[in-house]
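Structure at a glance
Here is what each chain is made of, one letter per residue.
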Amino acid sequence: RREGSMDPNMAGHTGASPFLVSPSTGRAMTPSASYGGGEDGKPAAGDAGAAFVLESKGTWWHAGFHLTTAMVGPTVLTLPYALRGMGWALGLAALTAVAAVTFYTYYLMSRVLDHREAAGRRHIRFRELAADVLGSGWVFYAVVTVQTAINAGITIGSILIAGNCLQIMYESLAPNGTLKLYHFIIIVAVVLSLFSQMPSFHSLRYINLGSLVLAFGYTILISGACIRAGMMSNAPVKDYSLSPSKSGKMYDAFLSISILATVFGNGILPEIQATLAPPAAGKMVKALVLCYTVVFFTFYLSAISGYWAFGNKVQSNALQSLMPDSGPSLAPTWLLGLAVVLVLLQLLAIALVYSQVAYEIMEKGSADAGHGRFSWRNLAPRVALRTLYVAACAFVAAALPFFGDIVGVVGALGFIPLDFVLPVVMYNMALAPPKRSAVYVINVAIMALFTGVGIIGAIASVRKLVLDAGQFKLFSDHVIS
């Protein structure tokens, strides 16, 4: 069968019923009423989550801003550490390979969404696209669980690191101050709860444009500082050797791959594509090109400059390498302070983006699409639920300041299935390329390879979690990284 020739009424695999089964009710739904709404691309009646949070008004460059914020964040500062686990040749090859694979899988997922839209079912949620194509209720709930864990984890991590940024600035100005990390986390949570009241994903478009500019700003500042540090007369000795033991090399390599998968992951591409004004076909490709242009500049500049300057002594965050625990800072105070401010501001944008799925789920159940978005009927529960969500994330951030290690495990178990495995599986099932075609074979190879990488990466991340366990302390005043 030729690519794209599958019956649009089929659920994506041989023997499927022309009707879809609702995971929530267990009842059959006609295609025109399935998950994403009617044939006109509008959300189904009464779906307040779609109507309010995932409103479809954006252009391709707006989607590009959303994608960039979802992918290009302070995690780029961990890329020198990822190279540390593999060395120059293998590290840069892995960075390039993961970049190419993720661009390809995101492109395939966009094609699947376009294919379903052309068939009269425009999906605006990852979980419902997966359930439609794979035709199983358990897939729906599995994707909900994994996606929710990722989104909450990134929101918690963003609040934690933003609080740490404030703490760094405070301690530089008041070395003997009495404020603790949790005080700064509370400040971040208050600010974030105010911004979280912005009603829709689309309403974040200019904030996410600012996020893109911020990413360029701190990447250039920190990379320039790393190059300067590496050229100083008292620069750290550059040693690019790997772990002397074979098991150490293996664990370091797979931990590095897990970091790369987390850095390139987003897990919310269908929700971002949902913000596009229909028809969305073809627009996400332009958005991906915009996003990966920023990715190419920021990721390679950060990875190469940080690893060149510090070698295998590089910290898990390049900024920490510039501010060693002992000895003077390796960069001017003004530069480090400005970089920290830019990182802090972008973390707020990242937390807002990854909170949108949670807000959509909450409003789908609590809001009434028959009333206005700003009516008291919808405004009161929105303010209460979103504030409560931010408060809960802030509490976890304050209680678990070692959350970075947990996020590493979540990344291996979450980003790899959502961003590497499911897109190729859904493409092969929805568009049904011939089994002997290059596309089908490549997709199966990616699925097999990254399933194995995800399992081993998760083991390596758990190993690091166990090794760092002795440093963990609830409500600690310092972030464990």
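Residues numbered from 1 in each chain as written. Predicted model: local features only at pLDDT ≥ 70, side-chain atom pairs only at ≥ 80, totals over all residues. Heavy atoms only, no water.

Moving on, we come to the overall build of the chain. Helix and strand content of the chain: 16 helices and two strands. A total accessible area of about 19,600 Å² is found for the chain, and carbon and sulfur atoms account for 69% of it. (Helix = DSSP H or I, 4+ residues; strand = E, 2+ residues; numbered from the N terminus. Areas by Shrake-Rupley, 256 points an atom, 1.4 Å probe, with all protein chains shown as cover.)

Another point: the packing of aromatic side chains. Counted by the stated rule, this structure contains twelve aromatic pairs. Residues Phe140 and Tyr141 carry aromatic rings whose centres are separated by 5.2 Å and whose planes lie at 80° to one another, so their mutual orientation is edge-to-face. Aromatic rings pair up to connect Trp88, Tyr240 and Tyr307 into one cluster. A cation sits over an aromatic face here: Lys238 above Trp308, 4.8 Å from the ring centre. (Phe/Tyr/Trp six-rings, centres within 6.5 Å; stacked < 30°, edge-to-face > 60°. Lys NZ or Arg CZ within 6 Å of the ring centre and 35° of its normal.)

We now examine the nonpolar core. Grouped together as the largest cluster of nonpolar side chains are 133 residues, with contacts concentrated most on Phe264 and Leu322. Element by element, the count of residues in this core is highest for helix α13 (residues 333-366), at 17 residues. With residues up to four places along the chain from it excluded, the contact list for Phe264 reads Met71, Leu95, Val98, Ala99, Thr102, Tyr106, Tyr292, Val295 and Phe299. (Core = buried A, V, L, I, M, F, W, Y, C linked by side-chain atoms within 4.5 Å. Buried < 20%, exposed > 50% of the residue type's maximum accessible area, 1.4 Å probe, protein only. Contact = heavy atoms within 4.5 Å.)

As a further point, take the environment of Phe299. Inspection of the secondary structure assignment puts Phe299 in helix α11 (residues 283-310). Looking at Phe299, the relative accessible area reads 0%, which means it is buried. When neighbours within four sequence positions are excluded, Phe299 is seen to be in contact with Met71, Val72, Val76, Leu79, Val263 and Phe264.

Moving on to helix α5 (residues 126-134). Extensive coverage of α5 is indicated by the burial of nine of its nine residues. Among all positions in α5, only Phe126, Arg127, Glu128, Leu129, Ala130, Ala131, Asp132, Val133 and Leu134 are buried.

This part covers the side chain of Arg382. As for its placement among the helices and strands, Arg382 is situated in helix α14 (residues 376-399). Arg382 sits in the buried class, given a relative accessible area of 3%. Beyond its immediate sequence surroundings of up to four residues, Arg382 is in contact with Phe52, Gln197, Glu363, Arg373 and Phe374.

When pLDDT is averaged across the chain, the result is 84; 85% of the residues are at 70 or more. Within the model, the stretch residues 1-41 combines pLDDT values under 50 with 93 contacts to residues more than four positions away or in other chains. (pLDDT = per-residue confidence, 0-100.)

The next subject is the pattern of salt bridges. What the rule picks out here adds up to eleven salt bridges. As a salt-bridge pair, Arg127 and Glu360 come within 2.9 Å of each other at their nearest N and O atoms. Of this pair, Arg127 sits in helix α5 while Glu360 sits in helix α13; the two residues are 233 residues apart in sequence, bridging distant segments of the chain. With respect to class, Arg127 is no different from Glu360; both count as buried. (Salt bridge = Lys/Arg side-chain N within 4 Å of Asp/Glu carboxyl O.)

Further remarks concern the environment of Ile168. Inspection of the secondary structure puts Ile168 in helix α6 (residues 137-173). Owing to a relative accessible area of 27%, Ile168 belongs among the partly exposed residues under this scheme. Along the primary structure Ile168 and Leu181 are separated by 13 residues, whereas in three dimensions their C-alpha atoms are 9.6 Å apart.

Across residues other than glycine, the phi torsion is negative in most instances, and most of the peptide bonds are trans. Geometrically, the link from Pro278 to Pro279 is a cis peptide bond, its omega value of 0° lying close to zero. The phi angle at Ala432 is positive, at roughly 45°, despite the residue not being glycine. Along the chain, Ala432 falls in the loop between α15 (403-430) and α16 (438-467).

With that out of the way, let us pick up the side chain of Arg373. With respect to the helices, strands and loops of the structure, Arg373 is situated in the loop between α13 and α14. There is a polar contact of 2.9 Å between the side chain of Arg373 and the side chain of Glu55. Setting aside residues up to four positions removed in sequence, Arg373 forms contacts with Ala51, Phe52, Glu55, Pro199, Asn378, Leu379 and Arg382. (Polar contact = N/O pair within 3.5 Å; in protein donor to acceptor, adjacent residues only side chain to side chain.)

A pair of packed helices can be characterised by two numbers: the angle between their axes and the separation between those axes. One can describe the packing of helix α2 (residues 60-71) onto helix α8 (residues 205-231) by two numbers: an axis separation of 8 Å at closest approach and a directional angle of 55°. Considering the angle they form, α2 stands oblique to α8. Of the two elements, α2 crosses α8, and the hand of that crossing is left-handed. Contacts from His62, Phe65, His66, Thr68 and Thr69 of α2 reach α8 at Arg205, Asn208, Leu209, Ser211 and Leu212. Taken together, the residues that form the contact of α2 with α8 break down as three nonpolar, six polar and one charged. (Axes fitted to C-alpha atoms, helices over the stretch in contact; angles between N-to-C directions. Parallel < 35°, antiparallel > 145°, perpendicular 65-115°, else oblique. Left-handed = near helix turned anticlockwise from the far one by under 90°. Nonpolar A, V, L, I, M, F, W, Y, C, P; charged D, E, K, R; others polar.)

The subject of this paragraph is a nonpolar patch on the surface. On the surface, a nonpolar cluster with roughly 400 Å² of combined accessible area is contributed by Tyr182, Ile186, Val190 and Leu194. Mapped onto the elements, Tyr182 comes out in helix α7 (residues 181-195). On the accessibility criterion, Tyr182 (39% relative accessible area) is partly exposed. (Patch = residues over 30% accessible without salt bridge, like charges linked within 9 Å, V, L, I, M, F, W, Y side chains within 5 Å.)

On to the environment of Leu134. Inspection of the secondary structure puts Leu134 in helix α5. Its relative accessible area of 16% is what places Leu134 among the buried residues. On a C-alpha basis, the gap between Leu134 and Ala430 in space is 8.5 Å, while along the polypeptide they are 296 residues apart.

This paragraph deals with the packing of helix α4 (residues 88-118) against α5. Where α4 meets α5, the axes come as close as 12 Å, and the angle between the chain directions of the two elements is 70°. Between α4 and α5, the angle is such that the two are roughly perpendicular. In this structure, α4 contributes Met109, Val112, Leu113 and Arg116 to the contact, and α5 contributes Phe126, Leu129, Asp132 and Val133. Taken together, the residues that form the contact of α4 with α5 break down as six nonpolar, no polar and two charged.

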